[in-house]
Amino acid sequence: MIDLIEWGVILLLFLAVLVLFYKYSRIQGQVEQKAREIFESWRRREREDIENWKEQELKRLSDEKAKILFETWRQDEEGNIRTDAVRRSQSVTRGKVTECLIPYFPDFPYNPKDARFLGTPVDLIVFDGLSDADEVQNVVFVEIKTGKAASLSKRERAVRECIKAGRVQYFIIHQSFDESANQLHDMGMN
């Protein structure tokens, strides 16, 4: 009988060990599954963090490279821009001086004493013959162009068209001065 009880206890212990082993295996599987999930979640976050870092680093490096390239371009072109600005300024100055001096060039077709410099909207007005005989044969409007582009501006074209159309007038304005009141008054146009 003891043998039967012993075998019963052994069987019971064996069943308890089996149940414990089964529960242990199940819990171990759950723990391993949870550990895998945590590990995969950590790995995914780590990959995302690395991707974000790589993206930010690439952006930072590309911005830095763009700044360096722009600065190099600016330094290279700044000299060219300054040289071009000086050249243009010299060209404009040369043109303005030429406009004033043209009447004294040997090829100028009129007496320099007859020319009057205006500058804008025409460069010169020539009163042809005025200095030689006090008799004006022509009033000539002269626009001087230097450099490659010899086109007239919009205002210069407007003046040219007005003159060509004969829309030119001559007025005398008489302004009287009252010496007792020390002031101008009674402007009259004839």
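Some points on the packing of aromatic side chains
Applying the stated criterion across every chain yields a total of three aromatic pairs. Ring centres 5.7 Å apart and planes at 70° place the aromatic pair Phe108 and Tyr110 in the edge-to-face group.

Digging into the pattern of salt bridges
For the structure shown, the criterion picks out 14 salt bridges. With a closest N to O distance of 2.8 Å, Asp84 and Arg88 form a salt bridge. Of the two residues, Asp84 and Arg88 are both situated in helix 1 (residues 2-101); the distance of four residues between them amounts to about one turn of the helix. Within the structure, one salt-bridge network assembled from shared partners comprises Glu71, Arg74, Glu78 and Arg82.

Some remarks on the nonpolar core
Membership of the largest hydrophobic core is limited to eight residues, which are Ile102, Phe108, Ala115, Leu124, Val126, Val140, Val142 and Ile144. Mapped onto this core, the elements with two or more residues apiece are strand 2 (124-128) and strand 3 (138-142). Residues within four places of Val142 in sequence aside, it is in contact with Val122, Asp123, Leu124 and Val126.

Criteria and cut-off values
- Residues numbered from 1 in each chain as written.
- Predicted model: local features only at pLDDT ≥ 70, side-chain atom pairs only at ≥ 80, totals over all residues.
- Heavy atoms only, no water.
- Phe/Tyr/Trp six-rings, centres within 6.5 Å; stacked < 30°, edge-to-face > 60°.
- Salt bridge = Lys/Arg side-chain N within 4 Å of Asp/Glu carboxyl O.
- Helix = DSSP H or I, 4+ residues; strand = E, 2+ residues; numbered from the N terminus.
- Core = buried A, V, L, I, M, F, W, Y, C linked by side-chain atoms within 4.5 Å.
- Buried < 20%, exposed > 50% of the residue type's maximum accessible area, 1.4 Å probe, protein only.
- Contact = heavy atoms within 4.5 Å.

So, to be careful, I would describe these as geometric facts and stop short of saying anything about function.
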